[in-house]
Amino acid sequence: MPKRAKPAEARIPLNGEPHGSSLPKAPTGIKGLDEISGGGLPRARTTIVCGGPGCGKTMLGMEFLVRGAREFDEPGVLVAFEETPQDMARNVTSLGFDLQDLVDRRKLFLDYVYIEPSEIQETGDYDLEGLFIRLKHAVDTVGAKRICLDTLEALFSGFSSEGVLRAELRRLFRWLKDQNLTTVITAEKGENTLTRHGLEEYVSDCVILLDHRVRDQISTRRLRIVKYRGTSHGADEYPFLIDTNGISVLPVTSLEMQHKVSTERVSTGIPDLDEMLGGKGFYRGSSILISGTAGSGKTTMGVSFVDAACRRGERCLFVGFEESANQVSRNMASIGLNLDQWVEKGLLFHEAWRPTQYGIEMHLLRIHKLVDTLKPQHVVIDPITNLMTGSAQKEVYSMLMRLMDHLKGQEITAIFTSLTVSDDHVEQTDIGISSLTDTWLLCRDLELNGERNRCIYVLKSRGMAHSNQVREFVMGRDGIRLVPPYIGSGQVLTGSSRRAQEAKEMADALVRSQEIEQRQTALERRRSALEAQIKVLKMDFAAEELELERIIHQEQSREKLLELERDAMNRIRLGESEQAIRLAAAKSAGDAKQ
Amino acid sequence: MKKGKANGKSTVNHEPAMKLRLYVAGQTPKSLAALSNLQRICAEHLNGVYDLEVIDLIKNPQLAAGDQILAIPTLVRNLPHPIRKIIGDLSNVDRVLVGLDLRGNSREAQSPVSPPPERQIGAKP
């Protein structure tokens, strides 16, 4: 599933992509929109923003102008056909846009075009030169580079002659282009057309469609670039929202997968668990998924991590969807984790809100915002599965992907807890998310002999040696402690059955060691007997050897004497004196004797 | 007409009677036609009792916003209330009269030059 999602990202052009630069663009400054449009709206051309009522068309146009004026030094003109400038200014004050200030600084020109059909009587040939004059005057006053016409289609209600109107619109679009104005025109969505009066046929450079859908009582805004001539753009629907900072469009994910990776390790807050993860804990900046059934200790795992991080003086963000901050604090105090102290020290930011409070995009954005403003080093989201109550799983998946990406990009360690339903398919439910995470811990309840014990194991952990053991853990006054594993007869035993098994093992071992002792004694006896036998045999052998040596010696002496005699005989035959022979014989005999 | 001259003479000194403004943009055929049509209508139906101001938006573009001018030419009747806007070159006299609320008498009194007994402006010397 995540493999399939990737081509979609690849379609989005990068900011600095060569073919993106062939067409000059005017950055909108709207978060995310510039990213999916490859740098902004087409410069000196007209963009149509269409959509149903209340979809945020005006807001987009307005933000385009305000950001243009504030961030890109491009003054703008807002021509409002539907609301008075006062109303508009009021509407956007909540977004932190001070229109009056921009007007005073000659960065923005507001013009309110009011059309009251009942006041108007048509008496012959006319054109809309007056509108052109007003636009020109407005543009000249502030030296505008940008202009927003909201909603141009109001003209259709004011003038009965559509022929004249269409001719004038055509002239208007040409004029806007000639003036080198980057234009945003908002238009109401039609039945089967993008705009009710078919404005899109005059403007064909860029069309952005906004949509506002409500499903399960939760609304989601979406943006799609229907058309962008001369540029490749993200073609998908992108969720966006309007909040106190204006519009934020959320591209599915950042484009490159080039996160910096850290080799630094951070403790899980549970020494025994660190031990299971190669002795050092998680990688800094990695994504961790802790899944498990209800009450299996997921939150506590997350909080332990947070506690350890705060102890090191690092900033943490804890986003809860199940319990209020106070409740978590109270509950964690029972296992000796004092979270309040970290909150007071400004190290822990504890946010909690209902998962059904917003649509999935709002959740994502709110977390994004918190991350961007608080700049934590670690984020815990507890639990992500609660988000699925409000949205389809697919959307949650894509949201999480974006979130993980965002966090990884900033080297923020992210812990997500996930509530799994059935023990049998624990791994199934998290399949989508798990492939994105680097480390996956599974908390499990084992029911045996009338008790329920908590176990944890490391299902995967990229880039580190990790234990394959299923470990039982207990939550005590001093936090989570992992119990030394007992894995007997191919099964993990936990709780009292583990203790019973251990006692039985001990008894067995005692019996076995006694047996061995007996056997050892017997062996010793046998060894002594054997050694005695060997001794006798050796003595026999030695006696025999002595005897044999004696016989050999005798034989040798006799041989020698015989030789001497043979020698003496020879000499006599050769006529040697008796005397010399005797001497020689005596000498050789002495030699032989020695 | 560039100077925005008051073409008509306000003969009644105490009340402004009918106050008209004609917005044009340069000397386009449409603008010229509108002006001459207006002058004729005024002469025929208003008995010269009116106040006309011609505004050239090319010269004074900032004035367009005040009366919410989009179409050119536009004739605005500021007085009497309510404000009326008549757009076009004023070639359709009937419609101009409707627009100026002069319709009631215009039907019978179109061809003969007659003093229009108007609601407010009715009694004229």
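Calculation notes
- Residues numbered from 1 in each chain as written.
- Chains lettered and ligands numbered in written order.
- Predicted model: local features only at pLDDT ≥ 70, side-chain atom pairs only at ≥ 80, totals over all residues.
- Helix = DSSP H or I, 4+ residues; strand = E, 2+ residues; numbered from the N terminus.
- Buried ≥ 20, exposed ≤ 12 C-beta atoms within 10 Å, placed from the backbone.
- Contact = placed C-beta atoms within 7 Å.
- Pairing = 2+ DSSP bridges.
- Axes fitted to C-alpha atoms, helices over the stretch in contact; angles between N-to-C directions.
- Nonpolar A, V, L, I, M, F, W, Y, C, P; charged D, E, K, R; others polar.
- Expected span 1.5 Å × (residues − 1).
- Core = buried A, V, L, I, M, F, W, Y, C linked by C-beta atoms within 7 Å.
- Domains from an automatic or database assignment.
- pLDDT = per-residue confidence, 0-100.

## Things to note about the overall build of chain B
Move 1: Secondary structure assignment for chain B yields 4 helices and 4 strands.
Move 2: For chain B, buried positions account for 39% of its 125 residues.
Move 3: For chain B, contacts bridging at least 24 residues in sequence account for 71% of all contacts bridging at least 6.

## Let's talk about the overall build of chain A
Move 1: What chain A contains, in helices and strands, is 18 helices and 25 strands.
Move 2: Residue burial in chain A is summarised as follows: out of 594 residues, 42% are buried.
Move 3: Considering only intrachain contacts with a sequence separation of at least 6, the fraction spanning at least 24 residues in chain A is 70%.

## Looking at the sheet that holds strand E3 (residues 74–79) of chain B
Move 1: Strand order in the open sheet formed by 5 strands is E6(A)-E4(B)-E3(B)-E1(B)-E2(B), with mixed pairing between adjacent strands. One side of each edge strand has no neighbouring strand; the edge strands of this open sheet are strand E6 (120–122) of chain A together with strand E2 (50–56) of chain B. Put simply, the sheet's adjacent strands are angled 20° from each other on average, direction ignored.
Move 2: Across 7 bridges, the pairing between strand E1 (residues 18–24) of chain B and E2(B) is parallel. Across the sheet, the residue bridging to B:Leu20 is B:Leu52, located in E2(B).
Move 3: Against the sheet, helix H1 (residues 29–46) of chain B contacts E1, E2 and E3 of chain B, and its axis sits at roughly 165° relative to E1(B).

## Focus on the interface of chain B and chain A
Move 1: Listed by partner, the interface residues are 29 residues for chain B and 21 residues for chain A.
Move 2: Of all the secondary structure elements, the ones that give two or more residues to the side of chain B that touches chain A are helix H2 (63–66), strand E4 (84–87) and helix H3 (93–99) of chain B.
Move 3: Classifying every residue of the side of chain B that touches chain A gives 17 nonpolar, 7 polar and 5 charged.
Move 4: Two strands pair when backbone bridges link them, and E6(A) and E4(B) are joined in this way by 3 bridges, in the parallel orientation. Its bridge partner lying in E4(B), A:Ile120 is registered against B:Lys85.

## Considering helix H6 (residues 129–142) of chain A
Move 1: Taking 1.5 Å of rise per residue, 14 residues should cover 20 Å, and H6(A) covers 20 Å from first to last C-alpha, within 8% of that figure.
Move 2: Just downstream of H6(A) lies A:Gly143, where phi reads positive at about 65°.

## What about the sheet that holds strand E16 (residues 316–320) of chain A?
Residues and elements named next belong to chain A.
Move 1: The sheet built from 9 strands is open, its strands ordered E17-E16-E18-E19-E15-E20-E21-E22-E23 with mixed pairing. Since the sheet does not close on itself, it has two edges, and those belong to strand E17 (348–352) and strand E23 (479–483), each with one partner. On average, each strand axis in the sheet is tilted by 25° relative to the strand beside it, whichever way the strands run.
Move 2: Pairing between strand E15 (residues 287–292) and strand E20 (residues 439–448): 5 bridges, direction parallel. Residue Gly 292 lies in a different strand from E20, and its bridge partner there is Cys 443.

## Focus on the nonpolar core
Move 1: With 165 residues, the main nonpolar core has A:Val79 and B:Leu22 as its most contacted residues.
Move 2: With 8 residues, helix H14 (residues 393–409) of chain A is the single largest residue contributor to this core.
Move 3: Among the domains, domain 1 (2–15 + 28–116 + 128–249) and domain 2 (265–485) of chain A are the pair contributing at least three residues each to this core.
Move 4: With sequence-adjacent residues up to four places away left out, A:Val79 is seen in contact with A:Asp111, A:Val113, A:Leu135, A:Ile147, A:Cys148, A:Leu149 and A:Asp150.

## Considerations on the confidence of the model for chain B
Residue and element names in this part refer to chain B.
Move 1: Across chain B, the average pLDDT comes to 73, with 68% of residues at 70 or higher.
Move 2: Model confidence for chain B, summarised as mean pLDDT per element, is weakest for helix H4 (residues 103–106) at 54 and strongest for E1 at 88.
Move 3: When the criterion is pLDDT under 50, residues 1–14 qualifies, and its contacts beyond four places in sequence or with other chains add up to 26 contacts.
Move 4: Ignoring residues within four places in sequence, the model shows residues 105–125, a span with pLDDT below 50, making 21 contacts including any to other chains.
Move 5: In the model output, the complex is listed with pTM 0.64 alongside ipTM 0.73.

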